[in-house]
Amino acid sequence: MDIPLVDLKAQYAAIREEIDTAVHRVMERGEFILGSEVEAFEKEMAAYLGAKYAVGVASGTEALQLALLACGIGPGDEVVTTPFTFIATAEAITQCGATPVFVDIDRRTYNLNPQKLAELLQRKLSPQSPVPSHRKVGSIGDAGCLSFFPSKVLGAYGDGGMVMTNNREIAEKVKMLRNHGCREKYYHLLPGFNSRLDALQAAILRVKLRHVDDWIRLRQEKASCYAQLLEGVDGIELPYVGSGSEHVFNYYTIRVRALLRDKLREYLSSQGIATAIYYPLSLHLQEVYRSLGYQPGDFPESERAQEEVLSLPMYPEMSEEEIERIAKEIKNKIETRTESDW
Ligand SMILES: *Cc1c(COP(=O)(O)O)cnc(C)c1O
């Protein structure tokens, strides 16, 4: 593709010296699992997001699972979450032995619909622990979870994740769970996991953390550039940013009427422009959750979103010319659409 969805090579080129220095520091020191680099990164992240504790783990998925376990979630529990997200959120619930309970999303924000959640909590009496999926997580709720998957706003050069919390007990428990359930080596208090953040990833993430605010600002600039060029284009809806909210634009996701969405995607691909669909099938309709008994039509907003969303290329190093080209091709396809495209 001439214009990729994300360009991690461009990012590395811009910070190569800092990254290489950090990586060499770790290799010279010879300490690769947890250790001082991970501790320093945990402190810096806690300060950055305004949480008391940050615990580095092996992935975002495991951050979710360990946080749920540390909160005492287990077999027999029901945990509410959104059907319109990556499978990891529901998977973490299932892997704790609990059952995911889905609640439809808000049409504009794609986040879990708070009103629908309130309605569900009134109907159901068993204890519920909602796991919303949202942006820039910090210190709200019992715990917040981050993924450092390479393509995320703050991405490692491999897998990584983190649990943020203000609750010391939860932090301590996640620390034990990530490291075979021990506080002291070879003395195991709980059945745990091998889910540690490694020092190389921590060192790389420490470098990137210094740039992340600039990158978010650049993403926001690219987003306004898209918005200016695509505002008012027939059949297209731009991302919504609520008043008092900020969007970090990990993705730049527009909505396109269903059939045209796939035709537009094909056309952009033929022009060398990559796009993606996050996500093409709502979680309640996935084969893995068939036994939960959900049906098509149960969550109309989530199901409509899966047919209409289209994520356009978005990364801090994109040029305005590239955005102009993408917008021009989108308009071009929409203006020349035929009856059968709708
Ligand atoms: C990326 C992502 C995950 C998965 O994180 P990994 O680090 O890949 O395990 C889970 N939930 C959401 C919402 C994500 O965006």
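This is a predicted model, so every value here is computed, not measured. (Residues numbered from 1 in each chain as written. Predicted model: local features only at pLDDT ≥ 70, side-chain atom pairs only at ≥ 80, totals over all residues. Heavy atoms only, no water.)

Observations concerning the overall build of the protein chain
Right, so step 1: Looking only at helices and strands, the protein chain features eleven helices and ten strands.
Right, so step 2: Taken against the 2.2 N^0.38 rule, which gives 20 Å for 342 residues, the C-alpha radius of gyration of the protein chain at 21 Å falls within 12% of a compact globule.
Right, so step 3: If you line up the protein chain on its principal axes, its C-alpha atoms span 70 × 55 × 35 Å.
Right, so step 4: Counting the 342 residues in the protein chain, one finds 46% classified as buried. (Helix = DSSP H or I, 4+ residues; strand = E, 2+ residues; numbered from the N terminus. Rg over C-alpha atoms; globule rule 2.2 N^0.38 Å. Buried < 20%, exposed > 50% of the residue type's maximum accessible area, 1.4 Å probe, protein only.)

Focus on helix H6 (residues 168–178)
Right, so step 1: Along H6, the residues that are buried comprise Ile170, Ala171, Val174, Met176, Leu177 and Arg178.
Right, so step 2: Sitting at the head of H6, Asn167 places a side-chain oxygen 2.9 Å from the backbone nitrogen of Glu169. (Polar contact = N/O pair within 3.5 Å; in protein donor to acceptor, adjacent residues only side chain to side chain.)

Focus: the site of the ligand
Right, so step 1: Every residue close to the ligand is listed here: Ser59, Gly60, Thr61, Thr85, Phe86, Ala88, Thr89, Ser133, Ser147, Phe149, Lys152 and Gly160.
Right, so step 2: At a separation of 2.5 Å, an oxygen atom of the ligand approaches a polar side-chain atom of Thr61.
Right, so step 3: Between the ligand and Ser147, the relevant distance is 2.7 Å, taken from an oxygen atom to a side-chain nitrogen or oxygen of the residue.
Right, so step 4: Protein burial of the ligand: of its 380 Å² of free accessible surface, 80% is covered by the chains.
Right, so step 5: For the shell around the ligand, the secondary structure elements donating two or more residues are helix H3 (60–70) and helix H4 (88–95).
Right, so step 6: Broken down by class, the residue content of the shell around the ligand amounts to three nonpolar, eight polar and one charged. (Near = heavy atom within 4 Å. Areas by Shrake-Rupley, 256 points an atom, 1.4 Å probe, with all protein chains shown as cover. Nonpolar A, V, L, I, M, F, W, Y, C, P; charged D, E, K, R; others polar.)

Focus: the sheet that holds strand E9 (residues 252–256)
Right, so step 1: Strands sit in the order E8-E9-E10 across an open sheet of three strands; the sheet is antiparallel. The sheet is open, and its two edges are formed by strand E8 (236–237) and strand E10 (309–312), each paired on a single side.
Right, so step 2: Across four bridges, the pairing between E9 and E10 is antiparallel. Note that in E10 the partner of Tyr252 across the bridge is Leu312.
Right, so step 3: Along the sheet, helix H9 (residues 258–270) makes contact with E9 and E10, crossing E10 at roughly 25°. (Pairing = 2+ DSSP bridges. Contact = heavy atoms within 4.5 Å. Axes fitted to C-alpha atoms, helices over the stretch in contact; angles between N-to-C directions.)

With respect to the pattern of salt bridges
Right, so step 1: A full pass over the atoms with the stated rule returns 15 salt bridges.
Right, so step 2: Between Arg107 and Glu237 there is a salt bridge whose closest N-O contact spans 2.9 Å. Taken together, the residues span a long stretch of sequence, with Arg107 in the loop between strand E3 (99–102) and helix H5 (114–123) and Glu237 in strand E8 at a distance of 130 residues.
Right, so step 3: Assessed through its relative accessible area of 28%, Arg107 is described here as partly exposed.
Right, so step 4: Since its relative accessible area comes to 35%, Glu237 is described here as partly exposed.
Right, so step 5: Here Glu308 and Arg255 are joined by a salt bridge, their closest N and O atoms 3.0 Å apart. Of this pair, Glu308 sits in helix H10 (residues 300–308) while Arg255 sits in strand E9, and the two are 53 residues apart along the sequence.
Right, so step 6: Given a relative accessible area of 13%, Glu308 falls into the buried group. (Salt bridge = Lys/Arg side-chain N within 4 Å of Asp/Glu carboxyl O.)

Some remarks on the nonpolar core
Nonpolar side chains tend to gather and get buried jointly when the protein is soluble and globular.
Right, so step 1: Counting 31 residues, the largest nonpolar core has Tyr226, Tyr252, Leu310, Leu312 and Ile330 as its most contacted members.
Right, so step 2: Put simply, the parts of the chain that give this core at least two residues each are helix H8 (212–230), E9, H9, E10 and helix H11 (320–335).
Right, so step 3: With five residues, H11 is the largest single contributor of residues to this core.
Right, so step 4: When sequence neighbours within four positions are dropped, the list of residues in contact with Tyr252 reads Ala223, Tyr226, Ala227, Leu238, Pro239, Leu310, Ser311, Leu312 and Met314.
Right, so step 5: Of all hydrophobic cores here, the second largest spans 22 residues; its members include Ala46, Met162, Leu197 and Leu209. (Core = buried A, V, L, I, M, F, W, Y, C linked by side-chain atoms within 4.5 Å.)

Brief notes about the side chain of Lys222
Right, so step 1: Along the chain, Lys222 turns up in helix H8.
Right, so step 2: Despite its burial, Lys222 pairs with no opposite charge; the closest candidate is Glu221, at 5.3 Å N-O.
Right, so step 3: Within polar-contact distance, the side chain of Lys222 engages the backbone oxygen of Met318 at 2.8 Å.
Right, so step 4: When residues no more than four places from it in sequence are discounted, the contact partners of Lys222 are Met314, Tyr315, Pro316, Met318 and Ile323. (Lys, Arg positive; Asp, Glu negative; His and termini not counted.)

A few points about the packing of H3 against H4
Right, so step 1: Two elements in contact, H3 and H4, have axes whose closest approach is 8 Å; the angle formed by their N-to-C orientations is 40°. Considering their axes alone, H3 and H4 lie oblique with respect to each other. For the pair H3 and H4, the sense of crossing is right-handed. In this structure, H3 contributes Thr61, Leu64, Gln65 and Leu68 to the contact, and H4 contributes Ala88, Thr89, Glu91, Ala92, Ile93 and Gln95.
Right, so step 2: For the contact of H3 with H4, the class distribution of residues is five nonpolar, four polar and one charged. (Parallel < 35°, antiparallel > 145°, perpendicular 65-115°, else oblique. Left-handed = near helix turned anticlockwise from the far one by under 90°.)

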